[in-house]
Amino acid sequence: MTTRTVLLGTAAALVLAPASAMAERERGSSGHLNIIYWQAVSTMNPYLSGGTKEMNAASVVLEPLARFDNLGELTPWLVDEIPTLENGGVAEDLKSITWKLTEGLLWSDGTPVTSADVVFSYEYCTHPEGGCSYRDRYAGIEQVEAVDDLTVTVHFEDVTPNPYLPFVGAGSVIIQRAQFQDCLGARAPECTDANFAPIGTGPYVVSNFRPNDVIEFVANENYRVPTQPYFETVTWAGGGDAMGAARAVFQTGEMDYAWNLQLAPEVIEQMEAGGRGELLVDFGPLMERIELNFTDPSPDLPDGERGTREHPHPILSDIRVREALSRAIDRELLTEIGFGPMGMATCNFIVAPPAMASPNNDNCLVQDIDRANELLDEAGWERGADGIRVKDGQRLELLFQTSTNAVRQDFQALIQADWREIGVDTRLRNIDAGVFFGSDPGSNDTYLKFFADAQMYASLFEGTDPTPHLEQRRCGREPQPSTQWQGQNINRYCNPEYDELWAELNREADPDRRQELVIALNDMFVQDYAHLPLVARGRVSAASTTVGGIVMNVWDSEHWNQAEWYRIEE
Amino acid sequence: MLSYTLRRLAFAVPTVLIISLIVFLMLDMAPGDPTGSLPLTIPLEVREQIRQSLGLGEPVFVRYFKWLQMTVITEPLHILAGLTGWDIAPGGPRILSWQTRSPVGDILVQRVPQTLWVVGLGYLFGILIALPIGVISAYRQYSWFDQVGTFVSMVGFSVPTFFTGIVFILLFSVTLGWFPSMYDTTHVVRDWNSFLFQAKQIAMPVAVLALYNASQISRFMRASMLDNLNQDYVRTARSKGMGEQTVVLVHVLRNSMIPVVTVIAIGIPTVFTGAIITEQIFRVNGLGDALIRAIYVSDWPMVQTITFIFAILIVLFNLIADVLYGILDPRIRYD
Amino acid sequence: MTETAKAAPFSPDEAFRPPRNQWWDVWDQFKYHRGALAGLAVFVAIIVFVTIGPLIWQVDPGAINIRSRNQGMSMTYPLGTDQLGRDMLARLMYGGRISVAVGLVAMFLGLVIGTLIGVVAGYFKVFDSPLMRLTDLFLALPLLPLLLILVALFRDPLETMFGQAMGVFSLIVFAIAITSWMQTARIVRGDVLALKEREFVLAARSIGTPSLRINTRHVLPNVLSPIMVSATLGIATAIITESALSFLGLGFPPDFPTWGRILYDGRDWIEQYPSRVVWPGVLISLTVLSVNYIGDGLRDALDPRIRGR
């Protein structure tokens, strides 16, 4: 992973260099850019949607105070410098952070950007009647104070070692107070015009928006860099399917940029070989895993007790079985077939940023059927007549569910075959993604209820701080009847040592010690075989070879530097 | 017949209302979740708040009546105001799609043109091709024309549209470069050149749909013609010395139209719900695309409204079909 | 000559023998219909392919062989392999079992429901309005949410009752049938409305023939041809719908191949390995075509005006 990211970083630097060297490039000189999102954008207000595609589209219009660059480093965006303990921007007691806006910033309608807009953005998202998707970015804030026209101080309720959540990253953007002041709380969805064409500070302005279809952008006259953006107009088409989008970039050349091309590696490699476009891949915290259920999902249990900690799982409570299941899987093969260059086999819970990824768990990368068989023998599971193991009259049979998706169904088939080899009989089930990832407590098929023995999905976290992601696996965080099956401790893991270590991480401010703690937590979790990491998945887009300046970014919006994209002249 | 039509029209209103209520309750029961498609990074407490902000906290009947009032009164007035420029749009809430948080009526209005261009024309051409093929195939039963027609239509019906669509794209867009593989919904027909572009971009999806529709309708046309060609009245007409053309095209055709009218009447409303797969392959983004994406993300207000309009069209066109039966065969009496 | 010689002596047995079963007449006519015979032969071949085929070609359709993925036709893999190295021939055989069964059963169920509702609505005026409004309702119901509900409500009980495969099978067949009978019902009703005013029906009624008998003897045979067309189209629809359901995760579990699913899975590979799409496509088309020709022949054979011509 490290080498790949570094390589991409170098590539980025190489691409950027000619861009700055060619001074004659001017605003609008590159003409028109065509972008295709096969899942169309539904709104331009990221606070009302929460989807990645909406966040990406909005990111060329609405901007945060600071962004993460392609290496995951904080970069000042609407401010001159990142506040830190050293420069006094972060208070000694870690309870406040002060941002200073760059002087002379203008909204696209020509009015100045002030601290009141920043405060308003906070109020907009935290209004009790609004359903703001990025509300957790503003959790634990006591007050956001406008000190003067350009200075904003965020006061936290508690000691906050990581104060870079509010107003940082493509999710928590600054919106214009004048435009949205009548759109607070329950009235937010009624402001259709504002939600579809927000006034922003970014390089582009929306000129036409059709929900779930197409967006047309023109360059922002008041953009702070006078020579940018290089593309005068942008058409951001949506709809169709991933294959069609790939074809439009690689084969017909109708499109310049296509987002999220989750296609079979072989198919996409052959298209790329045509030479009209190139694949952009970078790795973030997205990881495909199998969760193993620590509780008994048997339908024979009464309703309030099925899948709760009252009934430990009859088979999977034994760590030897869990380890055997992990050892039997050929992760390299899964990666090769499902993702090719767009994935990397992994044994870690936290796979990125690179510094946080543990180096201690690579033993699972090689499939080890013999060891798996030994473990099951030790655990007392003996082969029956049909090759399936039996213990005390119980067959080693697991129900393995996942969402409907071509790659996941291939994975299911491969893992079923791997497990069959060690005498485990696996029943497969695939569930419509809308139901599986929903949190309707009335449905028995959600990943939260987890009425199966094993399930596969991918998960990730925002930004570069894995603390909240690690918190999910604490005791008591599991979905259960008393919480209407809400909770993110999906596999119902419970380990007091883990909880203590996490509490320490949550108090720690020193970056080096934090890194150690993250790795320790990760190791504790995966060495318990509490879940089985499979593949670290990359973000995959494609760009035409005629467009330059693109720098893939997994920590922020992919379009974070779209102002610098340009047409390569033949 | 007139009194029958009026009675049926009066009866249509409660029918549509009952259908809409049943659909509403059904969607309420369906195990989808409007926050299910959001990234997993969004915490569950926030999801719950989003659901509350969508109005899901209220009892189902309250939501139904709110929706009904908005569908029947608010949205049509807004659409009318948008089309005519009259200032008749009422204030107050409109039906908001959960996914886009914008009025459903506006989205539907945006989606109608491309749906009519592609799906509507696909259906129209389908009918225009199917009727003559059906008639000739029946008249010359087991001739080579009939055999080829049968073969093509059966293959056309059993091969899914995604297959024909992809083959068309590979052939005409990738290899030959004649037609664009993606439909541009923002294109406006102003003059001859822009019309040519429009013709180019609808050529492939319309061809795919026309083939599929023609396959189905021509089968019914042929079967029904065959039934009638052997009837006694045909022999009588011929023996009276009536021209062959008159016999076939006036008498037999007219008597064979009942099943065909039924099939077409059931088909026309489906033009409105779009052709999901074809729209997806050619990126047409019509009503079918709006419906299927709304279903995927459990955007029930959108699904509910499209279904409501669909139900009206079904009731209406089935009524038209019933009236046509009476005209085609005066012996059919409803009173 | 021998025949006349044989028939010459009068035999009372023969004179009082009940008339020959009319189905023999139908068969006599049917076997002169070349298309129908060819259709029947192909159909039987397909049934043999999916039922007896796996007994001869004993390859596990789920067996993964990564080293030989995406292969073309060869002696080991007569129809090549898929992206996981599974044998296509075996998959098509097993897949055909499910697809043909789903297609036939769902089509048959849909046809029975549709014909019954169509005939009752067309013939008995009292039932016309309620039944046709019911048809309107079913036409308007959005299919996918309905299926989601059916799956949520009935999958687990059916699976415990019949086991995983049979449980899903009955659910899918039921779901396809209750969402595909409406067209048949409307068509049959339209024809019956016209038929019941025709002279022969009036004549039958005037001599006091019971309604049931009028319908089975006089009405049904005359609406047979649109029903036959519905049947052939119904099979294609059922097979394709099943694949769409599996595709959405509402159908069979992923380790059960079906023709429709193989076809869908091959969609992205259409350029690299067209055979992946062509084989299942050809099989579906062949099934539909053969049923269509059988239907044509049956229709002709059942028509007394054509029979014996």
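Note that the coordinates shown come from a computational prediction; the quantities given were computed from them, not determined experimentally.

Trainee: How would you summarise the overall build of chain B if you had to cite specific residues and measurements?
Mentor: When helices and strands are counted, chain B shows 12 helices and 0 strands. Taking the principal axes of the C-alpha coordinates as reference, chain B spans close to 80 × 60 × 40 Å. At a minimum sequence separation of 6, the contacts of chain B that also span at least 24 residues come to 72%. If the 22 positive side-chain charges of chain B are averaged to one point and the 20 negative ones to another, these points end up 8 Å apart.

Trainee: Break down the nonpolar core for me, with residues and values.
Mentor: Ranked by internal contacts, the top residues of the largest apolar core, which has 100 residues, are Ile217 of chain B together with Trp259 of chain C. In terms of residues, this core owes the most to one element, helix 7 (residues 192–229) of chain B, which gives 13 residues. If we ignore the near neighbours within four places in the chain, the residues touching Ile217 of chain B are Tyr123, Ile127, Ala130, Leu131, Val260, Val263 and Ile264 of chain B. Residues Val113, Val173, Trp236 and Tyr257 of chain A belong to the second largest nonpolar core, which totals 93 residues.

Trainee: Report on the packing of aromatic side chains, specifying residues and quantitative values.
Mentor: All names here are of chain A. Under the defined criterion, the tally for this structure stands at 45 aromatic pairs over all chains. Taken together, a centroid distance of 4.5 Å and an interplanar angle of 5° make the contact between Tyr37 and Trp259 stacked. Of the two residues, Tyr37 sits in strand 1 (residues 31–37) while Trp259 sits in the loop between strand 10 (257–258) and helix 7 (265–272), which places them 222 residues apart along the sequence. Taken individually, Tyr37 and Trp259 each receive the classification buried, so the pair is uniform in this respect.

Trainee: I'd like to hear about the sheet that holds strand 15 (residues 394–395) of chain A, residue by residue, with values.
Mentor: Residue and element names in this part refer to chain A. Strand order in the open sheet made by the 3 strands is 13-14-15, with antiparallel pairing throughout. Looking at strand neighbours, the two that pair on one side only are strand 13 (382–383) and strand 15, the edges of this open sheet. The pairing of strand 13 with strand 14 (residues 389–391) spans 2 bridges and is antiparallel. Looking at strand 14, one finds that Glu382 is bridged to Val390.

Trainee: Got a sec to walk through the pattern of salt bridges? Specific residues and values, please.
Mentor: Applying the stated criterion to the full structure yields 42 salt bridges over all chains. Between Glu271 of chain C and Arg247 of chain A there is a salt bridge, and its shortest N-O distance comes to 3.6 Å. Here Glu271 of chain C, found in the loop between helix 14 (259–265) and helix 15 (275–302), pairs with Arg247 of chain A, found in helix 6 (residues 242–250), and the two come from separate chains. Given the relative accessible area of 32%, Glu271 of chain C is considered partly exposed.

Trainee: Before we move on, could you go through unusual backbone geometry and cite the residues and values that matter?
Mentor: All names here are of chain A. Following Gln228, the chain continues into Pro229 via a peptide bond in cis, with omega recorded as -5°. For Pro229, the position within the fold is in the loop between strand 8 (214–219) and strand 9 (231–238). Cis peptide bonds are those with omega within 30 degrees of zero, and the linkage from Ala352 to Pro353 qualifies with 0°. Its place among the elements puts Pro353 in the loop between strand 12 (343–345) and helix 10 (369–378). For Asp392, which is not glycine, the phi dihedral falls at a positive 50°. Topologically, Asp392 is positioned in the loop between strand 14 and strand 15.

Trainee: With reference to specific residues and values, describe the confidence of the model for chain C.
Mentor: Residue and element names in this part refer to chain C. Averaged over all residues, the pLDDT of chain C equals 82, while 91% of them reach at least 70. Averaged over each element, pLDDT in chain C is lowest for helix 1 (residues 2–7) (44) and highest for helix 6 (residues 88–123) (91). Taken as a whole, residues 1–8 scores under 50 in pLDDT and shows 0 contacts with residues more than four places along the chain or in a different chain. On the interface metric, ipTM, the complex scores 0.82, and its pTM is 0.84.

Trainee: Tell me about helix 10 of chain A, residues and numbers included.
Mentor: Residues and elements named next belong to chain A. All buried positions along helix 10 are accounted for by Ile369, Ala372, Asn373, Leu375 and Leu376. Mapping the buried residues of helix 10 onto a view down its axis gives an arc of 160°, with all of them on the same face. Tucked into the core, helix 10 has its buried residues touching helix 8 (319–328), strand 13, strand 14 and helix 11 (406–421). Immediately downstream of helix 10, the backbone of Gly380 shows phi near 90°, a positive value.

Trainee: How would you explain the interface of chain C and chain B if you had to name every residue and give the values?
Mentor: Taken residue by residue, the interface counts 59 residues in chain C and 63 residues in chain B. Each partner contributes to the roughly 5,500 Å² buried at the junction of chain C and chain B, and carbon and sulfur atoms together form 67% of this total. Of all residues in chain C, the largest losses of buried area upon contact with chain B belong to Arg133, Arg186 and Leu233 of chain C, amounting jointly to 11% of the total for that side. Where chain C touches chain B, the interface holds 2 salt bridges. Our count for the contact surface shared by chain C and chain B stands at 9 residue pairs in polar contact (both at pLDDT 80 or more). For the side of chain C that touches chain B, the secondary structure elements donating two or more residues are helix 7 (125–140), helix 8 (143–162), helix 10 (182–195), helix 13 (224–248), helix 14 and helix 15 of chain C. Here the residues of the side of chain C that touches chain B sort into 31 nonpolar, 11 polar and 17 charged.

Cut-off values and rules
Residues numbered from 1 in each chain as written. Chains lettered and ligands numbered in written order. Predicted model: local features only at pLDDT ≥ 70, side-chain atom pairs only at ≥ 80, totals over all residues. Heavy atoms only, no water. Helix = DSSP H or I, 4+ residues; strand = E, 2+ residues; numbered from the N terminus. Contact = heavy atoms within 4.5 Å. Lys, Arg positive; Asp, Glu negative; His and termini not counted. Charge placed at Lys NZ, Arg CZ, Asp CG, Glu CD. Core = buried A, V, L, I, M, F, W, Y, C linked by side-chain atoms within 4.5 Å. Buried < 20%, exposed > 50% of the residue type's maximum accessible area, 1.4 Å probe, protein only. Phe/Tyr/Trp six-rings, centres within 6.5 Å; stacked < 30°, edge-to-face > 60°. Pairing = 2+ DSSP bridges. Salt bridge = Lys/Arg side-chain N within 4 Å of Asp/Glu carboxyl O. pLDDT = per-residue confidence, 0-100. Arc of directions from axis to C-beta. Buried area = accessible area lost by both parts, 1.4 Å probe. Polar contact = N/O pair within 3.5 Å; in protein donor to acceptor, adjacent residues only side chain to side chain. Nonpolar A, V, L, I, M, F, W, Y, C, P; charged D, E, K, R; others polar.

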